[in-house]
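Architecture and fold: a report
Chain by chain, the residues:
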Amino acid sequence: MSEQKMIFSHKPQINISCPSTGRMWLICGCALACVLQSALSDGGSSLIVAFTAFITAILTEFLLTCRLRRTAKIKDGSAAATAMILALLLPNQIHPVYVFFGTAFAITVVKHSFGGLGSNWLNPALGGWLFIRFSWPSAFAVDPDSLSVSEMILTTDASPIDNSVTEFLNNSIFSVTGVQIPSGYVNLLFFNGPGLIADRGLFALLIGTIVITAIGINRGWIPLAFIAVYGFLIRFAGDTASVAEGIYWTGDMLYGLFSGGTIAAAFIIAAEPSSSAKLKGGILLAVVFGAVFSWFFRYWCADYSGCFIALALVNCITPVIRLMEERIFLYRRNSVKFMERLS
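Criteria and thresholds
Residues numbered from 1 in each chain as written. Predicted model: local features only at pLDDT ≥ 70, side-chain atom pairs only at ≥ 80, totals over all residues. Heavy atoms only, no water. Helix = DSSP H or I, 4+ residues; strand = E, 2+ residues; numbered from the N terminus. Buried < 20%, exposed > 50% of the residue type's maximum accessible area, 1.4 Å probe, protein only. Contact = heavy atoms within 4.5 Å. Areas by Shrake-Rupley, 256 points an atom, 1.4 Å probe, with all protein chains shown as cover. Phe/Tyr/Trp six-rings, centres within 6.5 Å; stacked < 30°, edge-to-face > 60°. Core = buried A, V, L, I, M, F, W, Y, C linked by side-chain atoms within 4.5 Å.

**What to know about the overall build of the protein**
- When helices and strands are tallied, the protein shows 16 helices and zero strands.
- Counting every position in the protein, which comprises 343 residues, the buried fraction comes to 50%.
- When contacts within the protein are restricted to residue pairs at least 6 apart in sequence, those whose partners lie at least 24 apart make up 77%.
- Counting only carbon and sulfur atoms, one obtains 67% of the accessible surface of the protein, whose full area is about 16,700 Å².

Structure below.
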């Protein structure tokens, strides 16, 4: 069989080196490390959120598979991964009852109503987050305003660790470019105020995302493309007050990337293969849309969790992108068959 026949004999598929089960449990491990870091400074509130989501997801998955007479696949880790990702997107002080209903909605409605793992058009964790966000908006009242937190961190005396790391970076890496970063940004990696668990456990989350990307459970270029576009837009027009006066290129790019759940959005949600496009062109288009919408919701709509709303919106238009991919696939397959007949 020719190489072209092998490529186009089936519809576009996801080609990732790590099997689905291993990928799900690795994501769970990455999320758990983030939750543990957050729990160290909030008296265990983050652990309660994650535990509630995890138990609810496992029980809901089990009951649904029994009710629908499907083979129980709790071991595949999909329900656990959904629960842990949802926990990262929630405030550390949110009431467990909201977590319970959001997780149950994610597993029951978003995942199983569309046929189970791999059949859902919306990321289940995002679906659960949207359910909680719009059902009980007061539960997110602890989300800090981006500008006030930025000013608080950058004007408050930095910790000795922050000063030491900042001095080292300025004297080594940034001295070559002539750029000097101020103190305060390292503290974002260990933020201990009320906020999203993904932000409070940012240091552990960064380590985890490096591991899962190195193992190959997702396409590493996807989060990098998201961060590049999002970071560029933040730098260009992220300072809305200055932009209103016609001044550009003053946005705080580091703060934008280290807050608002951006790292979780880029490395875990945007890179999720089951609810994304399949071909590289379609994936890149979705990533660019996601980054642009994230910047719009975060800075121009003043929504601290704008990245999550943006990626949920991109999930909604992904079926259209997939339809375009199907058309491209059929055209290429027919072209291959035509060329074979000529030969």
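**Some details on the environment of L206**
- Its location among the elements puts L206 in helix α10 (residues 202–215).
- On a C-alpha basis, the gap between L206 and C30 in space is 8.9 Å, while along the polypeptide they are 176 residues apart.
- Look past the residues within four positions of L206 in its chain and what remains in contact with it is L189 and I263.

**Considerations on the packing of aromatic side chains**
- Taken as a whole and judged by the stated rule, the model has 16 aromatic pairs.
- On the basis of an interplanar angle of 40 degrees and a centroid distance of 5.8 Å, the ring pair of F226 and Y230 is categorised as tilted. With F226 and Y230 both in helix α11 (residues 221–237) and four residues apart, this pair spans about one turn of that helix.
- Overall, the relative accessible area of 0% leaves F226 in the buried class.

**So, the nonpolar core**
- Membership of the largest hydrophobic core comes to 78 residues, with the highest contact counts inside it found for L88, L90, L126, W129, L205, Y230 and F308.
- Among the elements that line this core, the one with the most residues is helix α4 (residues 78–89), at ten residues.

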